[in-house]
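# Coordinate inspection notes
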Protein chains: 2
Amino acid sequence: MSASAPERIAVGAGSAASTAWVGSGLLRDAARYLVSQSGRFLLFSAASAHAAAEPVRRALGPRVLLDLEIEDSEASKTLDTVARIADAALAAGLRRDDALVAIGGGVTTDAVGFAAAILLRGVAWNAVPTTTAGMADAAIGGKTGVNHPRGKNLIGAFHPPAAILVDPAAAATLPERDYRAGLVEAFKGAWIADAELAARAAVNLPAILAREEAALLDLLAGSVRVKAGIVASDPMDSGRRRILNFGHTLGHALEAAGGFGRLRHGEAVAWGIAAALEISRRRAGLSASDAAAVRVTLSRLGPFPEPDRDPSLLAPLLSVDKKTTSRGLASILLESIGAARVDESVTPGDWLEAAAIMTLS
Amino acid sequence: MSASAPERIAVGAGSAASTAWVGSGLLRDAARYLVSQSGRFLLFSAASAHAAAEPVRRALGPRVLLDLEIEDSEASKTLDTVARIADAALAAGLRRDDALVAIGGGVTTDAVGFAAAILLRGVAWNAVPTTTAGMADAAIGGKTGVNHPRGKNLIGAFHPPAAILVDPAAAATLPERDYRAGLVEAFKGAWIADAELAARAAVNLPAILAREEAALLDLLAGSVRVKAGIVASDPMDSGRRRILNFGHTLGHALEAAGGFGRLRHGEAVAWGIAAALEISRRRAGLSASDAAAVRVTLSRLGPFPEPDRDPSLLAPLLSVDKKTTSRGLASILLESIGAARVDESVTPGDWLEAAAIMTLS
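Below is a summary of the structure that appears in this document. (Residues numbered from 1 in each chain as written. Chains lettered and ligands numbered in written order. Predicted model: local features only at pLDDT ≥ 70, side-chain atom pairs only at ≥ 80, totals over all residues. Heavy atoms only, no water.)

## Some details on the nonpolar core
If you look at the biggest cluster of nonpolar residues, it comprises 260 residues, and the most contacted ones within it are A:Leu100, A:Phe114, A:Leu119, B:Leu100, B:Phe114 and B:Leu119. For A:Leu100, the contacting residues outside a window of four places in its chain are A:Leu42, A:Phe44, A:Leu94, A:Val112, A:Ala116, A:Leu119, A:Val123, A:Ala124, A:Trp125 and A:Asn126. (Core = buried A, V, L, I, M, F, W, Y, C linked by side-chain atoms within 4.5 Å. Buried < 20%, exposed > 50% of the residue type's maximum accessible area, 1.4 Å probe, protein only. Contact = heavy atoms within 4.5 Å.)

## Topic: the packing of aromatic side chains
Enumeration over the complete set of coordinates arrives at four aromatic pairs over all chains. On the numbers, 4.8 Å between centres and 55 degrees between planes, the contact of B:Trp21 with B:Tyr33 is tilted. Of the two residues, B:Trp21 is situated in strand 2 (residues 18-22) and B:Tyr33 in helix 1 (residues 30-33); the sequence distance between them amounts to 12 residues. Under the relative-accessibility criterion, B:Tyr33 is labelled buried at 9%. A centroid spacing of 5.6 Å and a plane angle of 35 degrees characterise the contact between B:Phe187 and B:Trp191, whose relative ring orientation is tilted. Here B:Phe187 pairs with B:Trp191, and both are found in helix 6 (residues 176-193), just four residues apart, close to one helical turn. The exposure class assigned to B:Trp191 is buried, which follows from its relative accessible area of 2%. Its end group placed over the ring of A:Tyr179, A:Arg211 keeps NZ or CZ at 4.0 Å from the ring centre. (Phe/Tyr/Trp six-rings, centres within 6.5 Å; stacked < 30°, edge-to-face > 60°. Helix = DSSP H or I, 4+ residues; strand = E, 2+ residues; numbered from the N terminus. Lys NZ or Arg CZ within 6 Å of the ring centre and 35° of its normal.)

## Some details on the interface of chain B and chain A
It is common to give the size of an interface as the accessible area lost on bringing the parts into contact. Each partner contributes residues to the interface: chain B has 34 residues there, and chain A has 34 residues. Across the interface of chain B and chain A, roughly 3100 Å² is buried in total on both sides, 57% from carbon and sulfur atoms. Summed over the shared surface of chain B and chain A, the number is zero salt bridges. Along the contact surface separating chain B from chain A lie eight residue pairs in polar contact (both at pLDDT 80 or more). Only helix 3 (79-91), helix 4 (106-118), strand 7 (143-148) and strand 8 (151-158) of chain B provide two or more residues apiece to the side of chain B that touches chain A. For the side of chain B that touches chain A, the per-class residue count stands at 14 nonpolar, nine polar and 11 charged. (Buried area = accessible area lost by both parts, 1.4 Å probe. Salt bridge = Lys/Arg side-chain N within 4 Å of Asp/Glu carboxyl O. Polar contact = N/O pair within 3.5 Å; in protein donor to acceptor, adjacent residues only side chain to side chain. Nonpolar A, V, L, I, M, F, W, Y, C, P; charged D, E, K, R; others polar.)

## Structural notes on the relation of the copies chain B and chain A
For the match of chain B to chain A, the screw axis carries a shift of 0.0 Å, the RMSD comes to 0.0 Å, and the turn is 180 degrees. A rotation of that kind, with that shift, is consistent with a two-fold axis. A shared interface surface links the copies, since 100% of the contact residues of chain B are contact residues in chain A too. (Least-squares fit on C-alpha atoms with pLDDT ≥ 70 in both.)

## Some thoughts on the pattern of salt bridges
Across all of its chains, the model carries 48 salt bridges over all chains by this definition. The salt bridge involving B:Arg225 is made with B:Glu7; its shortest N-O contact spans 2.9 Å. Separated by 218 residues along the polypeptide, B:Arg225 in helix 9 (residues 213-233) and B:Glu7 in strand 1 (residues 7-11) bring together distant segments of the chain. According to the relative accessible area criterion, B:Glu7 is partly exposed, its value standing at 30%. Here B:Arg242 and B:Glu344 are joined by a salt bridge, their closest N and O atoms 3.2 Å apart. Of this pair, B:Arg242 sits in the loop between helix 9 and helix 10 (248-257) while B:Glu344 sits in the loop between strand 11 (339-343) and helix 14 (348-357), placing them 102 residues apart in sequence. A relative accessible area of 12% means that B:Arg242 is categorised as buried. Since its relative accessible area comes to 32%, B:Glu344 is described here as partly exposed. Here the salt bridges share partners, and the residues they tie into one network are A:Glu54, A:Arg57, A:Arg58 and A:Asp67.

Set out below in structure tokens:
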């Protein structure tokens, strides 16, 4: 099958510039799209991403200096894992102009990207996301990092990959639950900034769920475009970029409350969005029809497991959000589909109330 | 004693901007110069820097959220130490707009600065160097990091401190050997880029060695100005900034060959400069009188312990230099006092030859 030319999307600018390629057939053409100044690559692939790693490995051939499989569970997203990646890279003779390649889900791209950020004070890396969550979100925008016992992603760096390859074929073997949970992030991009994309993807939802490539590509390319546009306006995540956090303020707390095992990240975000809809209806003028449209799509992406809504469990988890400054929580509200804003007046109490009444049906 | 106004030196620009303050009395006025968006500070001080930490602690008073003493030996400059700093900061309730303060020598500012780089994907920090090496060099320019079993500073990030306080009083209790070794870095700055400063400091050397504040301040401010100028021209260390590495290509290898215990960093750099003089005489047109002038100053800063010159020991250590790209070593040669250049044609063999004949007398 001959692939059509991939779409090229510039993410960021200057020293924080990435090029995202979105299209079919990118994996086997990886040698054309992955970037290394020296021409040498160090591959780090998730055990679960074997099918996607194989064509990349073949495409790069003798230019692969190191080829290592790594753990990709949320529990392995630690500074220790990053240290092991760094050890292996240095043992292989890494030089400043070599590049790492991360092939896997968000855990893999976050950890390998962070290793690239701190090796020799920063070497180049490339992201080959193999999950819908990674393609729509995790691998785009330059955030890398690992978890800490006190919270997710509390240790990390901004270190954008030189290239990001978004090939839907990489998600072909993704388990159904992960496939659907990841799509929450893709839709999130549409809801906060692109009403047309949201409408089109809602219509295409059956085809997307059937994994039809054209429909999936349209949604993924759209959400990458949304993220690229927002990142461009706020590369260091101090202002407008925070709207990408839609559904995440409560979502992170729900995820942590379940010990990160009960809910997938995207599932927790779906519940977080459901709660944000409640608050947005009351405080951001969100219409009943827009709230219903978001809820319908979320319910068709699900059903998602019920989260723990216990306020005494959620309250302390809300206050450790990375986005918290001394001014308070930065909450994201939806004014209408396609238009989100940051609101610093929403209190943890408001979120706990919304958590008690939120629904996805 | 009333202090004259400190000199303000801008280092870097944009998101990588630091302000260096150089003057007497800065420690007890720390509240005026240290930067924190929230007004809250987390202090990390080297055990050996107790005398300098005390006035800073008093100046900040109730704004100190955490006050922790840390190890400051080269052996403790590890990712584990950074993880412990991060643990303590998160346990204390660090928020994105808080700032860390590092009080100590290069080990402390490098490790604490690196912790700041990776906490919450980067929080602000301030550097209060308490050694001549830190004041002249280590704390300026945004390089942070830790050592790896395979080499020094192989793990790290560019993350400039918001403010750097260079108060000669902080070095008052510095052991003589460290005081003198650190001055090598200060003179290095003069030799590579400021002939007038080099001439003035050579004349003032007796006063500098007697720790007279005015003479020391002049040299330190000059070397900070040199470094600031060079960093401004090349913030990410990919071009001209490499001339700051004068004496370091062989110096790092000599330091590593002694297991980092035999030679102080500045002492190893002094020997590295001695070797660079040999190569510069032959290949960069350095005059005999300029080479002699540098050597005389180095010998008056010493005597420094003899390094291990065994080529079989040094050869493998030369090739792991962080500055190495696939093109080869980036060596720094001196054309004349005040003018250095990068030379990629010098081979490890050239350095081993120079190491065999270099002299500091």
